[in-house]
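Examination of the molecular architecture
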Amino acid sequence: MRELLQPHQAIRYRAGDFLALWRCDEASGSLVDATGNYTASVVSGSIGAAASLFDSPIGTTGARTFSNSRATAAGNMDAQTALIGEWTICAWIRPSVVGTSDRYVVSYSGGNTLASLLIRADGTLAVVWETGGSTVTVLSSATLQAARTYHVAAVKEIDPANGSLRRVRFYVDGAAAGVVSGLVNVTGAATSPQWNIGTDENGTNAFAGTVDDLAVLRYAATEEMARDVYARGASSVATASVYAADSYAVHTRVTVYTAAGVGVDLSSVYGWDLLRSIQIDEDRKSTRLNSSHVSESRMPSSA
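Analysis parameters
Residues numbered from 1 in each chain as written. Predicted model: local features only at pLDDT ≥ 70, side-chain atom pairs only at ≥ 80, totals over all residues. Heavy atoms only, no water. Salt bridge = Lys/Arg side-chain N within 4 Å of Asp/Glu carboxyl O. Helix = DSSP H or I, 4+ residues; strand = E, 2+ residues; numbered from the N terminus. Buried < 20%, exposed > 50% of the residue type's maximum accessible area, 1.4 Å probe, protein only. Polar contact = N/O pair within 3.5 Å; in protein donor to acceptor, adjacent residues only side chain to side chain. Contact = heavy atoms within 4.5 Å.

1. Quick notes on the pattern of salt bridges
With the rule as written, the count across this model stands at 3 salt bridges. Between Arg 64 and Glu 26 there is a salt bridge; the shortest N-O distance is 3.2 Å. Separated by 38 residues along the polypeptide, Arg 64 in strand β5 (residues 63-66) and Glu 26 in the loop between β2 (18-22) and β3 (42-44) bring together distant segments of the chain. Arg 64 gets classed as buried once you look at its relative accessible area, which sits at 0%. Relative accessible area serves as the criterion here: at 18%, Glu 26 is assigned to the buried category. Measuring nitrogen to oxygen at the nearest pair gives 2.6 Å for the salt bridge that ties Arg 169 to Glu 157. Residue Arg 169 is located in strand β13 (residues 162-172), and its partner Glu 157 is located in strand β12 (residues 150-159); the two are separated by 12 residues in the primary sequence. Given the relative accessible area of 12%, Arg 169 is considered buried. Within this structure, Glu 157, Arg 167 and Arg 169 form a network of salt bridges that share partners.

Okay, here's the thing in structure tokens:
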């Protein structure tokens, strides 16, 4: 049994998945949060425009360059814009400088809670957590270099060993880059939430380089998702819109054989509702659709 196609979480973005999404496609000026949860960013310093680092699933046309500059985006004082529960922060980045100091890709502040994704002075990808004056620095196993493009992700989730604690997982270029368990549960705060793109919360420790498709998800992304996002970006494969309906498209030549042995050619792009997997038994030339429903109106006529 050979599995030809298995859509999964990585290509099923919905508008509600995002706490914030900066595609970084603007030619100049403010960075716009596509979700509308945060205001158009106030830019300090010069943030230039660049070609997209990759055609990832959530942006395709541009990127922004930072050098001693930042973009500050404020949210409403409600739970809709607070960094609470499980979350994922991810982006394509190309640092032009690594070393001499910590360099913050993005930082969040809300009430007494801070959370940041950064490259430390030694090149280590890290997350800094602070709540109630207590600070925890969580280190990945990845060391980043200047003048190289990376997809980076930090995931905060429930620690499976103790449900009252949390852990952080890291991914770099779709591969696991360390996990730190047993962390205090930071619940976040809904007071004056704000993101600083390109610096820490104080406007210092500036990131130097290019940022593309910076996203904050409301859930803990899986390893499968991180791998898929990187693979699609690395191969410059454009995917469905973030706001697309819950459907998928088959882009590979696949022939489905009916019970009567009639072959149906799906070599064109057809939508599949609630498709979980297509499995072809090559010896018997039969097809099994697992937990799926195919819209008859979208099926081509029999060959």
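2. Concerning the side chain of Glu 157
For Glu 157, a relative accessible area of 9% puts it in the buried group. A polar side-chain atom of Glu 157 sits 2.5 Å from a polar atom in the side chain of Arg 167. What Glu 157 contacts, discounting residues up to four positions off in sequence, is Glu 86, Arg 166, Arg 167, Arg 169 and Ala 220.

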